[in-house]
Amino acid sequence: MTVSARKRLQPQPPSANGRVFSSSDRRDLLTIEALPAETIIGLLDRSDEYLKSLIATGPFQKSKLLEGRTIVNLFFENSTRTRTSFELAERRLGGDAVTISPAASSLTKGESILDTVHVLEAMKVDAFVVRHSASGVPAFLAKHLPPHVHVINAGDGAHEHPTQALLDAAELRAALGNLRGKRIAIVGDITHSRVARSNMWLLKKLGVHVTLVGPETLLPPSVGEVFGVAVSHNIESVLAESDAIIALRIQLERQSRGLFPSIEEYRERYGLTIQRLARTRAIILHPGPVNVGIELDHEIASHDRSFMLRQVKRGVAVRMAVLEWIFSN
Ligand code: ASP
């Protein structure tokens, strides 16, 4: 029996109202893994257009693209950049945006996520933007929502963070041109990073040579083979050859036990110091928030090869492009 036939025969979990929707009926953004390269390139191109309107001086001319649409941002984990840029993107496209944090909702009274989402859906919501500490929550919700209610993954556990990878790629492409054949290193806490996973999928689809760099305790053993990327435990080996370096935050909140001897030793072996910057021509990206003095030095954050603020600006443009794509189905 084929895998898909076996899947069809498996009992589906019942939803609150008894309906389960298949992924083929719907348009969501749940993973980069499932996104074809042409769609990715289309989204990057549209983000270039939106970026032009965001950097123009004077008041922003709101569009009417999402007029009459309501989007609920459900953030079960803290966020500054992603949450704010989704809200701004929704409003700048003329939609109504509501942000709900679980602490202020009935979730604290024992209501399940699915029930909460069905309650909100009853208020005529057109899309949910979901961030959660557990991998798979956005996909689970999408399965239980009717096809006209879209779901966008704003980061789920250590699984994926699709819009972060799109905004990183848009900035990489703006700086380096066609990404095919370029060499990009992703440095740091790979084990806990959804940003690393979405970036690996995306950069591989665009023909980039990706090298992961980090201590063995922060690099899952099979990750190189699974994603078809190179692995190194020595940052010095990638400095000279890299066109770009994506530094990742050490995610101490997801580490139940110490995974490296000390912060000082981590900085010493893997930190992007000003001395290391002198040994590479690479541009530097970081998804933020940054542990300054751990994964990168203070001077690097404000260096002209640092792309961090450009990434933030691009975040709004990419999320506008994603919303346009989601609602153009
Ligand atoms: N902001 C990114 C995320 O939500 C990166 C990080 O938190 O380190 O995954």
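Scroll up for the structure.
Owing to the predicted nature of the structure, the values given are computational and were not obtained by experimental measurement.

(A) Summary view of the packing of helix α6 (residues 162-176) against helix α7 (residues 194-205). Between α6 and α7, the shortest axis-to-axis distance is 8 Å and the interhelical angle comes to 55°. Here α6 lies oblique to α7, going by the angle between them. Judged by the twist between their axes, the crossing of α6 over α7 is right-handed. Only V195, S198, N199, L202 and L203 of α7 make contact with α6, whose side of the interface consists of P162, Q164, A165, L166, D168, A169 and L172. Among the residues forming the contact of α6 with α7, the class breakdown is 8 nonpolar, 3 polar and 1 charged.

(B) A look at the sheet that holds strand β6 (residues 209-213). Strands sit in the order β7-β6-β5-β8-β9 across an open sheet of 5 strands; the sheet is parallel. Unpaired on one side and paired on the other, β7 (230-232) and β9 (283-285) mark the two borders of the sheet. Along the sheet, successive strands turn relative to each other by an average axial angle of 25°, direction set aside. As paired strands, β6 and β7 are joined by 3 bridges and run parallel to one another. The residue bridging V213 from the neighbouring strand is S232, located in β7.

(C) Just helix α3 (residues 81-92), in detail. Here α3 is 12 residues long and its end C-alpha atoms lie 16 Å apart, about the 16 Å a rise of 1.5 Å per residue gives. Among the residues of α3, those classed as buried are T82, S85, F86, E87, A89 and E90. In this structure, the buried residues of α3 make contact with β1 (70-75), β2 (96-100), β3 (127-132), β4 (150-156), α6 and α13 (308-327).

(D) A look at the pairing of β6. Burial runs high along β6: 4 of the 5 residues are buried. By the bridge criterion, 5 bridges tie strand β5 (residues 183-187) to β6 in an arrangement that is parallel. Looking at the pairing, I186 lines up with L212 of β6. In terms of handedness, the path from β5 via α7 over to β6 forms a crossover that is right-handed.

(E) Region of interest: the nonpolar core. Judged by nonpolar contacts, the single largest core of 59 residues is most densely connected at L166, L172, I186, M200, L202, L203 and L212. Per-element tally for this core: the top contributor is α13, with 10 residues. Those residues in contact with L202 that sit more than four places away from it in its chain are I32, I40, A165, L166 and A169. Counting 21 residues, the second largest nonpolar core, distinct from the first, contains V213, I235, I294 and M308.

(F) Summary view of the site of the ligand. The environment of the ligand is formed by R131, H161, R194, V195, R249, Q251, P287, G288 and P289. R249 places a side-chain nitrogen or oxygen 2.7 Å from an oxygen atom of the ligand. Look at the ligand: alone it shows 270 Å² of surface, and the protein chains cover 92% of it. When grouped by side-chain class, the residues that make up the shell around the ligand number 3 nonpolar, 3 polar and 3 charged.

(G) The arrangement of the sheet that holds β1 in detail. Overall, parallel pairing links the 4 strands, which are arranged β2-β1-β3-β4 in an open sheet. Each edge of the open sheet is held by one strand with a lone partner, namely β2 and β4. Averaged over all neighbouring strand pairs, the angle between strand axes comes to 15°, with direction disregarded. Judged from the 5 bridges that link them, β3 and β4 form a sheet pairing that is parallel. Paired with F128 across the two strands is V151, which belongs to β4.

(H) Representation of the pattern of salt bridges in the model. Enumeration according to the criterion identifies 16 salt bridges in this entry. Residue D45 pairs with R173 through a salt bridge whose shortest N-O separation is 2.8 Å. Note that D45 is positioned in helix α2 (residues 37-55) and R173 in helix α6, a separation of 128 residues in sequence. E77 is paired through a salt bridge with R194; the nearest N and O atoms lie 2.9 Å apart. Taken together, the residues span a long stretch of sequence, with E77 in the loop between β1 and α3 and R194 in helix α7 at a distance of 117 residues. Each of D45, D48, E171, R173 and R314 takes part in one network of salt bridges that share partners.

Conventions used here
- Throughout this description, residue numbers start from 1 for each chain and increase along the sequence as written.
- Under the rules for a predicted model, residues below a pLDDT of 70 receive no local features and side-chain atom pairs below 80 are neither given nor counted, while totals for whole chains, interfaces and linings still include all residues.
- The side-chain values count all of the structure's non-hydrogen atoms but skip hydrogen atoms and water molecules.
- Simply put, an axis is a line fit to the C-alpha atoms, just over the touching stretch for a helix, and the angle between two N-to-C directions goes from 0 to 180 degrees.
- The way it works is that DSSP assigns letters per residue, a run of H or I at least four long becomes a helix, a run of E at least two long becomes a strand, and they are numbered from the N terminus.
- Oblique is the label for any angle not under 35 degrees, not over 145, and not in the 65 to 115 range, which are roughly parallel, roughly antiparallel and roughly perpendicular in turn.
- Take the far helix as the reference: if the near one is turned anticlockwise from it by less than a right angle, the crossing is left-handed, and if turned clockwise, right-handed.
- By definition in these notes, contact holds between two residues if any of their heavy atoms fall within 4.5 Å.
- As a working rule, the residues Ala, Val, Leu, Ile, Met, Phe, Trp, Tyr, Cys and Pro are called nonpolar, Asp, Glu, Lys and Arg charged, and the rest polar, with Gly in that last group.
- Strand pairing follows a simple DSSP-based rule, namely that at least 2 bridges must link the two strands.
- Expected helix span is taken as 1.5 Å per residue step, with the number of steps being one fewer than the number of residues.
- A simple rule labels every residue: compare its accessible area, found with a 1.4 Å probe on the protein chains alone, to the largest value its type can have, and call it buried under 20%, exposed over 50%, or partly exposed in between.
- With the strands pointing away from the viewer, any crossover whose connection runs clockwise from the first strand over the helix to the second is right-handed.
- We define a nonpolar core as any set of buried Ala, Val, Leu, Ile, Met, Phe, Trp, Tyr and Cys residues linked to one another through side-chain atoms lying within 4.5 Å.
- If a single non-hydrogen atom of a residue is within 4 Å of a molecule or strand, that residue counts as near it.
- Polar contacts, as used here, are pairs of N or O atoms within 3.5 Å; protein pairs need one atom able to donate a hydrogen and one able to accept it. Residues neighboring in sequence count only if both atoms are side-chain atoms.
- Using a 1.4 Å probe, the Shrake-Rupley method yields the accessible areas, and only the shown protein chains count as cover for residues.
- Every case where a carboxyl oxygen of Asp or Glu lies within 4 Å of a side-chain nitrogen of Lys or Arg is listed as a salt bridge.

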